[in-house]
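Structural characterization, general
Single-letter residue listing:
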Amino acid sequence: MKTYPANYPIVQVRGLKKLFPVGGGRKLHAIDGVDFDLQPGRTLALVGESGSGKSTVARCIVRLLEPTDGDVVVHGNSVRPLNPVRMATMYRTLQMVFQDPNASLNPRMTVRKVLEEPLKLHLSMTQDERNARLSELVTLVGLGEEHLARYPHELSGGQRQRIGIARAISINPEVVLLDEPTASLDVSVRGQILDLLKRIQRELNLAYLFISHDLQVVRHVADEVAVMYLGQIVERGPTAEIFDNPRHPYTRALMSAAPVARYGVKRERLRLAGEISTPVDPPPACRLSGRCPIEQPVCSQQRMPLEPINETHSVACPFSDRVAEAVAPPVPAAKAG
Amino acid sequence: MSDAILEIENFSGGFMSPAGEYNQVLHDVGYCLPRGAMTAVVGETGSGKSITALAVLGLQAPTFRHRTGSIRFDGTEMLNLDARGLRDIRGSRISMVFQDARAALNPVFSIGRQLADTWMLHNGGSRAAAMDKAVDALRQVHIPEPERRARQYPHEFSGGMAQRAMIAMAALICTPELLILDEPTTGLDVTTQADIMELIVDLAQSRGLTVCLITHDLGVVAETCDHVVVMNKGCVVETGTTEQIFTAPQDAYTRKLLAASLLTEYSA
Ligand SMILES: Nc1ncnc2c1ncn2[C@@H]1O[C@H](COP(=O)(O)OP(=O)(O)OP(=O)(O)O)[C@@H](O)[C@H]1O
Ligand SMILES: Nc1ncnc2c1ncn2[C@@H]1O[C@H](COP(=O)(O)OP(=O)(O)OP(=O)(O)O)[C@@H](O)[C@H]1O
Ligand SMILES: [Mg+2]
Ligand SMILES: [Mg+2]
């Protein structure tokens, strides 16, 4: 295990932007200025609207996408420009679990090959050591050696997802970007996988970026939560703060929509008015403008930067102190009884 | 006619390994989908939820062997249908959103074109009219700027948008009597998910659509479904109304599943 000073930022994302041309000279601002750090032993969760840019952030960090602007710094070195040597060390440091396990597993490779390849590439091991590691890996994610001979399409959705996780942790990386890692798992296997992720995080002092729509899971695993809306982080803070005291109107709307796994529970959903705004050539205004229940005239006239409201909690809304009166409180976390 | 649109009875089957051995994965699976209702299929990962659903449509892997049982859709034995018979039912009377939505979309055609082609296949009419229908379907699944999005290709969609495009295809472009949704909302934030589930509940009520929802999200089940089927290790271990399953689960596995769904209670 590598040890670092407290708060050592192993990955620093600064002013990250990714624009996609959409024809006619117009641009879709998939990510529009995002900053955060990933620290050893800590988990930052990225939550937010579908299409808000979460996967794009992760793909820019591992350089599957070339950022339009901004920087990703790993161990103090910018990954742009990237030469082949840096690329190789970066791969050892950073691993990613993809949102869509089908597309990321080569359909012509057996599970054995999928898992063996990175071991061969990055670690010097004898064949015996590799075999031992392979059976250790499949067991860790709750599968058996019989799954090694299978092709990805011969596995269920949740089994495939766990192969993606096994591959990412196989070469002892320092940072793992997890994009919806538990979406296809039943709740009991989900619990096991989360325990596994936590355990290896402790053992290896790993930094996690954890992208998920499952707010229960986020509450369970994250130290810090960043909420994205249309390419920007609109709120960020310690997990308990974000869940118990959400201050951005979008965060409130999101929290209020989370279903509760109990029969007969009715929730009061906070609905945002109007059409979802577009990230194509967005105007210099708050991204929630036009849909916000506490909108003020200034909100459609300028961008709203993320501003701290205390040492750890930041909100991109200057009227966040009014949110509590104006907007129904979030549904409390499930409590027994 | 019974009031179940789909009846699966004693359905058993498994896969042939390359070495020629047969490994059984489904053991006497049986459940019914009451007409016009929403039924959830929940359970362990790898328990056979998806392959049972695929078998309904005759879309099992080539190595799948069916041993016993029957699958009756509206009185017709699906297992006896030939390719032609299955084709006539797929898409027009039963449609499905696959667990991996993006893989089900064709990467070389725009989303709008794929929806429009399917519309024309079932309904005929002009391409322009089909395109309008496609854009309208995307709007109904809450995809912003549907006109522009219709011209995009699957890789330009986020995970959740691809899922919504498939829901538009299966529920709105096709107008089936039975809609099977295999994990349709895993890529959706809870706000969008709630909107999509409302749309589906709406369709079920207004059109009398029967819905089979395969999901791991017990919160969605508690809120939207009428009946629940619980599967574990290739068997159906319990079926009942949503109220019965959530308030008085009988089977040990069901109890374990419900307990595990309340993750935060144990850690907090
Ligand atoms: N290759 C691409 N070309 C054009 N647009 C793209 C491309 N990849 C992503 N986008 C767009 O960028 C935006 C952000 O997409 P992204 O996949 O990052 O969203 P997300 O937050 O991960 O959503 P989800 O929760 O649905 O997975 C979306 O509007 C998407 O359509
Ligand atoms: N083509 C195949 N060859 C061999 N085994 C297979 C094949 N397809 C699926 N299986 C196995 O059959 C079992 C049931 O798979 P199925 O996809 O139905 O599970 P599921 O209940 O949908 O799980 P999940 O919730 O993870 O999607 C799994 O153990 C899987 O590994
Ligand atoms: Mg995504
Ligand atoms: Mg499945």
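Residues numbered from 1 in each chain as written. Chains lettered and ligands numbered in written order. Predicted model: local features only at pLDDT ≥ 70, side-chain atom pairs only at ≥ 80, totals over all residues. Heavy atoms only, no water.

1. Quick look at the overall build of chain B
Within chain B, the regular secondary structure consists of 12 helices and 10 strands. Relative to the 2.2 N^0.38 estimate, which gives 18 Å for 268 residues, the radius of gyration of chain B is 19 Å and therefore close to what a compact globule would have. Based on the C-alpha atoms only, the size of chain B along its principal axes is roughly 55 × 50 × 45 Å. Looking at chain B as a whole, 56% of its 268 residues are labelled buried. Intrachain contacts of chain B at a sequence separation of at least 6 include 66% that bridge at least 24 residues. (Helix = DSSP H or I, 4+ residues; strand = E, 2+ residues; numbered from the N terminus. Rg over C-alpha atoms; globule rule 2.2 N^0.38 Å. Buried < 20%, exposed > 50% of the residue type's maximum accessible area, 1.4 Å probe, protein only. Contact = heavy atoms within 4.5 Å.)

2. Quick word on the coordination of the magnesium ion (ligand 4)
Residue and element names in this part refer to chain B. Distances from the magnesium ion (ligand 4) to its protein donors, Ser50 (OG) and Gln99 (OE1), fall within 2.0 to 2.3 Å. One end of the pair, Ser50, is in helix H1 (residues 49–56); the other, Gln99, is in the loop between strand S6 (94–97) and helix H3 (101–104), and 49 residues separate them in sequence. The exposure class of Ser50 is partly exposed, given its relative accessible area of 21%. (Donors = N, O, S within 2.8 Å, 3.2 Å for Na, K, Ca; no water.)

3. Overview of the site of ligand 1
Contacts to ligand 1 come from 22 residues, most closely from Thr56 of chain A together with Arg149, Glu156, Ser158 and Gly160 of chain B. The environment around ligand 1 is built from residues contributed by chains A and B. Contact between ligand 1 and Ser158 of chain B: an oxygen atom at 2.7 Å from a side-chain N or O atom of the residue. Gly159 of chain B places a main-chain nitrogen or oxygen 3.3 Å from an oxygen atom of ligand 1. Notes on ligand 1: free accessible area 640 Å², of which the protein chains cover 95%. Put simply, the parts of the chain that give the shell around ligand 1 at least two residues each are strand S2 (27–38) and helix H1 (54–61) of chain A together with helix H7 (159–173) of chain B. (Near = heavy atom within 4 Å. Polar contact = N/O pair within 3.5 Å; in protein donor to acceptor, adjacent residues only side chain to side chain. Areas by Shrake-Rupley, 256 points an atom, 1.4 Å probe, with all protein chains shown as cover.)

4. Some points on the confidence of the model for chain B
Residues and elements named next belong to chain B. Residues with a pLDDT of 70 or more make up 97% of chain B, whose mean pLDDT is 92. Low pLDDT, under 50, characterises residues 264–268; the predicted model gives this stretch nine contacts beyond four residues in sequence or across chains. Here the complex is predicted with pTM 0.89, and the ipTM for its interfaces comes to 0.82. (pLDDT = per-residue confidence, 0-100.)

5. A look at the coordination of the magnesium ion (ligand 3)
Residue and element names in this part refer to chain A. Binding of the magnesium ion (ligand 3) to the protein goes through Ser55 (OG) and Gln99 (OE1), at separations of 2.0 to 2.2 Å. Of this pair, Ser55 sits in helix H1 while Gln99 sits in the loop between strand S6 (94–97) and helix H3 (101–104), placing them 44 residues apart in sequence. We classify Ser55 as buried; its relative accessible area is 18%. On the basis of relative accessibility, which here comes to 22%, the residue Gln99 falls in the partly exposed class.

6. Points about the environment of Arg80 of chain A
All names here are of chain A. Structurally, the position occupied by Arg80 is in the loop between strand S5 (77–78) and helix H2 (84–93). Exposure remark for Arg80: the relative accessible area of 25% places this residue in the partly exposed category. Setting aside residues no more than four positions away along its own chain, Arg80 makes contact with Arg63, Glu66, Pro67, Thr68, Asp69, Gly70 and Asp71.

7. Quick look at the site of ligand 2
Of all residues adjacent to ligand 2, which total 21 residues, the nearest are Ser156, Gly158 and Gln159 of chain A together with Gly46 and Ser50 of chain B. One finds residues of chains A and B in close proximity to ligand 2. Between ligand 2 and Lys49 of chain B there is a distance of 2.8 Å, counted from an oxygen atom to a side-chain nitrogen or oxygen. Isolated, ligand 2 exposes 640 Å² of accessible area, and the fraction of that covered by the protein chains is 92%. Breaking the shell around ligand 2 down by element, the ones donating at least two residues are helix H6 (157–169) of chain A together with H1 of chain B. Of the residues belonging to the shell around ligand 2, the class tally is five nonpolar, 12 polar and four charged. (Nonpolar A, V, L, I, M, F, W, Y, C, P; charged D, E, K, R; others polar.)

8. Examining the sheet that holds strand S3 (residues 43–48) of chain A
All names here are of chain A. One open sheet accounts for eight strands, arranged S6-S7-S8-S3-S9-S10-S12-S11; its pairing is mixed. Because the sheet does not close on itself, it has two edges, and the strands there are S6 and strand S11 (307–308). Strand contacts of H6: S6 and strand S7 (175–179), with the helix running at about 180 degrees to S6, the strand carrying the most contacts. Helix-sheet contacts for helix H7 (residues 187–204) involve S3, S7 and strand S8 (207–211), and the interaxial angle to S8 is about 155 degrees. (Pairing = 2+ DSSP bridges. Axes fitted to C-alpha atoms, helices over the stretch in contact; angles between N-to-C directions.)

9. Digging into the packing of aromatic side chains
Throughout the structure, instances matching the rule amount to four aromatic pairs over all chains. Seen from their ring centres, Tyr4 of chain A and Tyr8 of chain A are 4.5 Å apart, and the 5 degrees between their planes marks the pair as stacked. We classify Tyr4 of chain A as partly exposed; its relative accessible area is 25%. With 6.3 Å between their ring centres and 25 degrees between their planes, Phe11 of chain B and Phe64 of chain B make a pair best called stacked. Taken as a pair, Phe11 of chain B in strand S1 (residues 4–16) and Phe64 of chain B in strand S4 (residues 64–73) lie far apart in primary sequence, 53 residues in all. Looking at Phe11 of chain B, the relative accessible area reads 0%, which means it is buried. In this structure Phe64 of chain B comes out as buried when scored by relative accessible area, which is 8%. Ring pairing ties together the aromatic residues Phe11, Phe15 and Phe64 of chain B, which thus form one cluster. (Phe/Tyr/Trp six-rings, centres within 6.5 Å; stacked < 30°, edge-to-face > 60°.)

10. Some points on the packing of helix H4 (residues 111–123) of chain B against H7 of chain B
All names here are of chain B. Close contact between H4 and H7 brings their axes to 11 Å; oriented N to C, the two are set at 15 degrees. As far as their axial angle goes, H7 and H4 are roughly parallel. When the axes of H4 and H7 are compared, the crossing they make is right-handed. Side by side, H4 and H7 meet where Ile111, Gln114, Leu115, Thr118, Trp119 and Asn123 of the first sit next to Ala165, Met169, Leu172 and Ile173 of the second. (Parallel < 35°, antiparallel > 145°, perpendicular 65-115°, else oblique. Left-handed = near helix turned anticlockwise from the far one by under 90°.)

11. Describing the nonpolar core
Counting 56 residues, the largest nonpolar core has Val42, Val141, Leu172 and Leu218 of chain B as the members making the most contacts within it. It is H7 of chain B that provides the largest number of residues to this core, a total of 11 residues. Aside from chain neighbours lying at most four places away, what touches Leu172 of chain B is Trp119, Ala137, Gln140, Val141, Ile167, Leu199, Leu203 and Arg207 of chain B. Among the nonpolar cores identified, the runner-up in size contains 35 residues, and Met109, Leu123, Ala166 and Tyr208 of chain A belong to it. (Core = buried A, V, L, I, M, F, W, Y, C linked by side-chain atoms within 4.5 Å.)

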